[in-house]
Amino acid sequence: MASFQLRHNLLITVFIIVIIGIAWLLMQGLSYSFSALQGKAPPPLTDNEVISQEVSYIEKIDNFVLQEFGANQQLSHFVEARSYFNFKGSPALLLDPKVTTYNEKGEVDYVLTSERANYLDNGEIKFKGKVNVHSNTGITHKMNTQELLVSTKTDDLISNKKVTYLGERAKMIAQGMHMKAKEDKMKLIGKTSINQDSGQKILTKDLYIDQSNGQKHYYSGNDTTYLAPDNKIYASGIDMDMRKEIVQLLGKVKILQNSGSKINTADLIVDQSGESEIYRTKERIHYQSEVADIHATGMRYDAKNQKIKLTGGVVGRYE
């Protein structure tokens, strides 16, 4: 009797295991089917892929030309493109677009060029990728962004996407941009990184770039970090004259050397015009290291050769 009971229990156990196994397989199958139905959509096709496939477009125009006129019926914008594609349910596509903007005298204000753009129903043009802005002052602004909105109603260029701007001996990366192209002025919006060709890196926020009247003026009133090979400098703002290669770090300034020494001062000038990088200020200095605590008024610091000259009533304590 015990043997029969044992066999009976084993059969029940095996039956339960089989049922669990079948249920698990069914769940896996359903999960796979659900994943297949809910899986990520394939990445969007590029413009060339869309065009190359048999996607019906309503209209195609080669050597596309469009003129925009102002209130006084004077030409304000002239839009050109190698090809124009009008898709059903999608913005029109311009290949090799060129937009020329004119002032009230009928003179060219600036010209925008790129590899592609979308022409929107409201008349605005959204450039994508590399964009060049050629000013009538002779300045060319070069940038790369996911989208740059060009309004044919105003003169502002706006991007709410990541922007890489190629400036004077520096590449700047920001979270957006607002540019007044006629005035050669722009604001790089949000966190901004200035990567200089000479190797220094500057971190700030909401950087203004003024290139009107031939100047190369970059400035921000926000907290700024200046990163050099042997020093890290914190300041309350920045003002850069890229023609003279002079950087002013504004407000309270703290210099942290790789050696561990600290220098507290204010309104520090960084002269990048020569082969060396010179820091100088006429403000009060507090220099601290493992062996010295020095107060002075004024400093000249050769950052490349790591030589510091303190001036103006130097008072120090050494351990």
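Residues numbered from 1 in each chain as written. Predicted model: local features only at pLDDT ≥ 70, side-chain atom pairs only at ≥ 80, totals over all residues. Heavy atoms only, no water.

**Student:** Give me the lowdown on the packing of aromatic side chains, citing residues and values where you can.
**Tutor:** Tallied over the full model, the rule gives 4 aromatic pairs. Aromatic side chains Phe 64 and Tyr 84 sit 4.5 Å apart centroid to centroid with 15 degrees between the ring planes, which places their arrangement in the stacked category. One end of the pair, Phe 64, is in strand 1 (residues 57-69); the other, Tyr 84, is in strand 2 (residues 75-87), with 20 residues separating them in the sequence. In this structure Tyr 84 comes out as buried when scored by relative accessible area, which is 10%. A ring pair is formed by Phe 85 and Phe 87, whose centres lie 6.2 Å apart and whose planes are at 15 degrees; its orientation type is stacked. Each member of the pair, Phe 85 together with Phe 87, is buried. (Phe/Tyr/Trp six-rings, centres within 6.5 Å; stacked < 30°, edge-to-face > 60°. Helix = DSSP H or I, 4+ residues; strand = E, 2+ residues; numbered from the N terminus. Buried < 20%, exposed > 50% of the residue type's maximum accessible area, 1.4 Å probe, protein only.)

**Student:** Pulling in residues and values, what's your account of the pattern of salt bridges?
**Tutor:** Tallied over the full model, the rule gives 6 salt bridges. The partner of Arg 169 in a salt bridge is Glu 245, and the shortest N-O contact between them spans 3.9 Å. Taken together, the residues Arg 169 in the loop between strand 9 (163-167) and strand 10 (170-174) and Glu 245 in the loop between strand 17 (237-241) and strand 18 (246-257) connect sequence positions 76 residues apart. You can call Arg 169 partly exposed: its relative accessible area is 32%. (Salt bridge = Lys/Arg side-chain N within 4 Å of Asp/Glu carboxyl O.)

**Student:** Help me get a handle on unusual backbone geometry, residues and values and all.
**Tutor:** In this structure, Asp 96 takes a positive phi of about 50 degrees despite not being glycine. Relative to the helices and strands, Asp 96 is located in the loop between strand 3 (92-95) and strand 4 (98-102). Here Asp 267, not a glycine, exhibits a phi torsion of approximately 45 degrees, which is positive. The topology assignment puts Asp 267 in strand 19 (residues 262-271).

**Student:** Got a sec to walk through the side chain of Glu 68? Specific residues and values, please.
**Tutor:** Note that Glu 68 resides in strand 1. With a relative accessible area of 15%, Glu 68 lands in the buried category.

**Student:** How would you sum up the nonpolar core? Please name residues and give values.
**Tutor:** Counting 57 residues, the largest nonpolar core has Leu 157, Leu 249 and Tyr 279 as the members making the most contacts within it. The residues contacting Tyr 279, other than those within four sequence positions of it, are Tyr 226, Ala 228, Asn 231, Ile 233, Ile 255, Leu 268, Ile 269, Val 270, Met 299, Arg 300, Tyr 301 and Ala 303. (Core = buried A, V, L, I, M, F, W, Y, C linked by side-chain atoms within 4.5 Å. Contact = heavy atoms within 4.5 Å.)

**Student:** I'd like to hear about the pairing of strand 15 (residues 224-227), residue by residue, with values.
**Tutor:** Pairing analysis gives 3 bridges linking strand 13 (residues 201-210) to strand 15, with the strands arranged antiparallel. If you follow Leu 203 over to strand 15, its bridge partner there is Thr 225. The pairing of strand 15 with strand 16 (residues 231-235) spans 4 bridges and is classified as antiparallel. Bridging from a neighbouring strand, Thr 224 pairs with Ala 235 of strand 16. Counting the residues that bridge the hairpin from strand 15 to strand 16 gives 3 residues. (Pairing = 2+ DSSP bridges.)

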